[in-house]
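Below, each chain spelled out in residue letters.
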Amino acid sequence: MLATAKMLKSMGFRSMNFDVAECPVNCGDFSSYYLTRDEQIKLLNEIAFINTNVGIIARKATSIPYCVFPELDDFSPCLQSSCTAGTFACTIGSNGEVRACPEVRQTVGSLQSDSLVSLWQQLEIWRIDEVIPYECRDCKLLINCGAGCRLSHCQTASQTGSTALLINLNNVQAAYELFKSYERENYDKLKNANKITLRDFVLRSEEFGAVIWSEFNTRLVDVRGREILEKLQPNVTYDINSIVHSDCRQFFNGLVSSGLAFLT
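Keep in mind that what you see is a predicted model, and the values were worked out from it rather than measured.

Moving on, we come to empty space enclosed by the protein. Applying the stated rule across the entire model yields 2 cavities of 30 Å³ or more. Empty space within the largest cavity amounts to approximately 70 Å³. Partitioned by chemical class, the residues of the lining of the largest cavity number 11 nonpolar, no polar and no charged.

What follows is the structure, encoded as structure tokens:
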């Protein structure tokens, strides 16, 4: 992985994704490609190391449960993401078929015969707690990580390559404290920094606010957040005091924490 990252960096690539092999339901025997829990943790550590030391943005393509963080060598924002399959996003194929994510075989119908609204309603099962492990449903970290990849939790028990293996309830409190400590650290950095730069991003307006995309991360923002971002330009450095006021400091702290902005 490290050699691949260095090669891509030398070729001018700015980001790369890694992931474990997951059976997308419509495959045969996938067992030879599965990673054990220890191997998955080793993968996460390598991704974090590359992101910090190689100068290229490295991420894990699918979400992981945050309760694994205390077992990693470093707490890296490149590993923070929440699964949006069927919750805030869906996949639409070239033939109009709609499914929760690209890895799911089953479709809920086609735009050639049904409306997107009705098809979205049929994906409701992905938006309720029944899709995630029972032990995650009351977890204080659920709002942040969503229990990791939802497709992983839909796999059969025999498919042990699933990222669901990373769930460790004994780590929840330590992970929660680690997550909050990281937020406070970034909040302090924001108070002491002079400049802030938003990474290259795309903003899509929604009724609830907006979705902001960059090559590093994706984030949902409310209407106030959308109004702030609509006044700013990507890849432009701003004086912090001119845009970061007391009522939106936490918002910018979230952008920095998720890697959508950086401080200088």
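Another aspect to go through is the sheet that holds strand β11 (residues 261-263). If you trace the 3 strands from one edge of the open sheet to the other, you get β10-β6-β11, paired in antiparallel fashion. On the outer flanks of this sheet lie β10 (237-239) and β11, each paired with one strand and no other. Within the sheet, the average angular offset between the axes of one strand and its neighbour, ignoring direction, is 30°. In this sheet, β10 lies alongside strand β6 (residues 195-198) in antiparallel orientation, the contact comprising 3 bridges. Following the sheet pairing, T197 is matched in β10 by T237.

We now examine the packing of helix α6 (residues 172-192) against helix α9 (residues 249-257). The geometry of α6 relative to α9 is characterised by a closest axis approach of 9 Å and an angle of 115° between their N-to-C directions. If you check the angle between α6 and α9, you find them roughly perpendicular. Handedness of the α6/α9 crossing: right-handed. Residues Y182, E183, N186, Y187, L190 and K191 of α6 form the contact with α9, whose own contacting residues are R249, Q250, F252, N253, V256 and S257. Taken together, the residues of the contact of α6 with α9 break down into 5 nonpolar, 4 polar and 3 charged.

To continue, consider the pattern of salt bridges. Under the counting rule described, the total for this entry stands at 4 salt bridges. Among the ionic pairs, E97 bridges to R99, the shortest N-O distance being 3.8 Å. Accessibility expressed as a relative area gives 27% for E97, which makes it partly exposed. The salt bridge involving E230 is made with R226; its shortest N-O contact spans 3.9 Å.

Side chains I57 and R59 project from strand β2 (residues 57-60) onto one buried face, and the interleaved A58 and K60 project onto a second face that is buried too. For strand β1 (residues 15-18) and β2, the ladder comprises 4 bridges, and the chain directions are parallel. Counterpart to M16 in the pairing with β2 is A58.

What counts as what
- Residues numbered from 1 in each chain as written.
- Predicted model: local features only at pLDDT ≥ 70, side-chain atom pairs only at ≥ 80, totals over all residues.
- Heavy atoms only, no water.
- 1 Å grid on protein atoms, 1.4 Å probe; cavity = no way out; pocket = protein on both sides within 12 Å on 5 of 7 lines; lining within 4 Å.
- Points joined across faces, edges and corners; volume = space filled by probe spheres on them.
- Nonpolar A, V, L, I, M, F, W, Y, C, P; charged D, E, K, R; others polar.
- Pairing = 2+ DSSP bridges.
- Helix = DSSP H or I, 4+ residues; strand = E, 2+ residues; numbered from the N terminus.
- Axes fitted to C-alpha atoms, helices over the stretch in contact; angles between N-to-C directions.
- Parallel < 35°, antiparallel > 145°, perpendicular 65-115°, else oblique.
- Left-handed = near helix turned anticlockwise from the far one by under 90°.
- Contact = heavy atoms within 4.5 Å.
- Salt bridge = Lys/Arg side-chain N within 4 Å of Asp/Glu carboxyl O.
- Buried < 20%, exposed > 50% of the residue type's maximum accessible area, 1.4 Å probe, protein only.

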